[in-house]
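Listed below, chain by chain, are the residues.
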Amino acid sequence: MPLNLKLEDPTLLASDAFIGGGWHQAASGGRFPVSNPATGAIVAEVADLSGEEVRQAIAAAAQALPAWRGRLAKERSAILRTWHDLIVANADDLARILAAEQGKPFGEALKEIAYGATFIEWFAEEAKRIYGDVVPTHMPGRQILTVKEPVGVVAAITPWNFPNAMITRKVAPALAAGCTVVLKPSEETPLSALALAVLAVRAGVPAGVLNVVTGTHAAAIGAQLTGSPLVRKFTFTGSTRVGKLLLAQCASTVKKTSLELGGNAPLIVFDDANLDLAIEAALASKFRNAGQTCVCSNRILVQDTIYDEFADCLVRRVAQLQVGAAHDAGVEVGPLINRQAAQRVLRLIAGAIEEGASLAVGGTLHPAGANFITPAVLLDVDMGMEISREEIFGPVATLFRFRSEEEAIAMANATEYGLAAYFFTRNLARSMRVSAALEYGMVGINEGIISTEIAPFGGIKESGLGREGSKYGIEDYLEIKYILVGPGE
Ligand code: SIN
């Protein structure tokens with residue numbers, strides 16, 4: 001079984017699916033390997049469920065719903081708080097599991113565990129603040145009330161780039177609201193999800209309230225989660241292409257949906273910016289998780305007058321980034337998730353060079369292994385090139401030139417995506433103008449990392465529907481019921 005995965009609590013490494021409060025192998029006996037992207041070593045063999053077994057998990061969630069939604073908010077809150085505390089207490093082991101299946105440097109994995117736990121803490125608190133309204137009446141002798149109720153059974157499909165935090169950001173508000181959940185984690189990184197389920201049981205989450213279905217039969221599993229009339233809410237984080245397919249599938253049962261999809265984030269550096277700050281923020285934003293985040297700066301737009309200075313500094317800093325496996329000393333950039341991902345990034349770089357960009361540093365396979373790309377900077381990229389339209393999802397910074405504020409805004413908005421945008425300036429009036437003009441759900445001004453549990457995360461245009469985290473994040477798991485109370489006689 002697990003290779004080189006030394007855990008203080010080995011019971012956190014579960015590899016069966018979790019349904020109705022019990023651990024289940026696939027009826028077929030099928031299992032699929034989860035491998036370490038840095039080494040290719042098999043970390044575990046996980047139960048490979050069929051669509052029918054996912055249907056059973058949905059039935060378990062539906063059965064558990066009445067009792068869970070009937071619990072006092074305070075009780076749900078206390079269970080979530082205990083879950084949070086257990087995650088924090090087991091952070092090292094959870095980070096080891098995460099780093100082994102996902103590849104990110106151990107320090108970054110630890111940060112993700114802490115980030116993931118904040119969503120549970122936040123929504124444990126929000127559980128107690130789901131208020132309705134008393135609306136001034138329209139007729140004498142009547143009262144108008146609104147109450148908020150849990151949507152019902154929630155199906156969640158989560159990605160491999162944040163195997164912990166993208167789960168807690170969905171599951172915590174769902175459970176806080178009184179919903180039950182069937183979670184399908186990415187087949188690349190199911191172990192973090194199963195470890196969370198182990199701790200959820202210890203925290204007192206009742207049987208059937210959280211179910212984790214693992215498997216590689218994406219179409220059959222997706223069809224159950226999007227097609228079942230028992231599922232009333234569907235939530236997905238992943239690519240825009242897959243999100244559109246799943247959204248279409250949800251139409252037949254008119255499910256409430258929230259989608260966190262792709263991005264093509266611009267990071268604009270104006271010539272009045274603090275350049276040192278902009279360089280450090282660009283590095284943090286671009287190379288977090290080896291460039292595999294939806295909010296990574298995908299296009300760095302630099303004003304003509306400071307372009308060369310900015311490019312020289314960025315190239316120098318990128319050349320210093322330490323590449324390696326999760327536990328290598330000082331490592332800052334890990335592998336990509338698999339070989340196809342690395343090959344795709346190499347193809348994008350080659351395409352950009354063919355179209356006229358120049359490679360200033362990196363951009364080749366790194367000696368650490370077949371999934372590692374040497375962090376790269378491409379100069380003189382323009383909006384006509386394929387790489388400007390694609391979500392790169394790799395450690396490649398692309399530098400574009402602009403001359404005026406209007407041109408920067410037009411370039412930034414020239415995409416079907418609208419997730420995150422960043423810009424750097426010392427000018428307050430420009431800060432207000434540009435943030436208003438950017439067609440994005442999230443804007444960082446003089447900041448390259450903007451994610452936090454207390455602010456609404458989400459996009460507009462083809463980057464998705466709904467918001468996660470913050471006081472708004474629970475709304476996606478609630479329905480409003482309007483009650484008109486008449487005089488009765
Ligand atoms: C994502 O890339 O999907 C999420 C990143 C974040 O939460 O910061």
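Rules behind the numbers
Residues numbered from 1 in each chain as written. Predicted model: local features only at pLDDT ≥ 70, side-chain atom pairs only at ≥ 80, totals over all residues. Heavy atoms only, no water. Axes fitted to C-alpha atoms, helices over the stretch in contact; angles between N-to-C directions. Helix = DSSP H or I, 4+ residues; strand = E, 2+ residues; numbered from the N terminus. Parallel < 35°, antiparallel > 145°, perpendicular 65-115°, else oblique. Left-handed = near helix turned anticlockwise from the far one by under 90°. Contact = heavy atoms within 4.5 Å. Domains from an automatic or database assignment. Buried area = accessible area lost by both parts, 1.4 Å probe. Salt bridge = Lys/Arg side-chain N within 4 Å of Asp/Glu carboxyl O. Nonpolar A, V, L, I, M, F, W, Y, C, P; charged D, E, K, R; others polar. Near = heavy atom within 4 Å. Polar contact = N/O pair within 3.5 Å; in protein donor to acceptor, adjacent residues only side chain to side chain. Areas by Shrake-Rupley, 256 points an atom, 1.4 Å probe, with all protein chains shown as cover. 1 Å grid on protein atoms, 1.4 Å probe; cavity = no way out; pocket = protein on both sides within 12 Å on 5 of 7 lines; lining within 4 Å. Sits in = over half its atoms within 2 Å of the grid points.

Colleague: Explain the packing of helix α3 (residues 91–102) against helix α6 (residues 190–203) residue by residue, including any values.
Modeller: Their axes nearest at 8 Å, the elements α3 and α6 cross at an angle of 160 degrees. Here α3 lies roughly antiparallel to α6, going by the angle between them. The hand of the α3/α6 crossing is right-handed. Where α3 abuts α6, its residues Leu94, Ile97, Leu98 and Glu101 lie against Pro190, Leu191, Ser192, Ala195 and Leu199.

Colleague: A description of the domain arrangement of the protein chain should follow, citing residues and the corresponding values.
Modeller: Assigned domains of the protein chain: these are domain 1 (10–261 + 464–482) and domain 2 (265–452). Each of domain 1 and domain 2 was reduced to a C-alpha centroid, and the two centroids are 31 Å apart. Counting from both sides, the interface comprises 19 residues of domain 1 and, opposite them, 25 residues of domain 2. Together, Pro37, Pro105 and Trp160 form the three largest contributors to the area buried by domain 1 at its contact with domain 2, with a combined 24%. On inspection of domain 1 and its partner domain 2, the count reaches 0 salt bridges. Those elements that provide at least two residues to the side of domain 1 that touches domain 2 are α3 and α4 (106–126). Split into classes, the residues belonging to the side of domain 1 that touches domain 2 amount to 9 nonpolar, 4 polar and 6 charged.

Colleague: Account for the site of the ligand, naming residues and giving values.
Modeller: Residues in close proximity to the ligand include Tyr115, Asn161, Phe162, Met166, Arg169, Arg288, Thr293, Cys294, Val295, Ser451 and Phe457, which together make up its full environment. At 2.9 Å, a side-chain N or O of Arg288 approaches an oxygen atom of the ligand. Relative to its unbound accessible area of 260 Å², the ligand is 99% covered by the protein chains. According to the grid-proximity analysis, the pocket containing the ligand is the largest cavity. The class makeup of the residues in the shell around the ligand is 6 nonpolar, 3 polar and 2 charged. Both domain 1 (10–261 + 464–482) and domain 2 (265–452) contribute no fewer than three residues apiece to the shell around the ligand.

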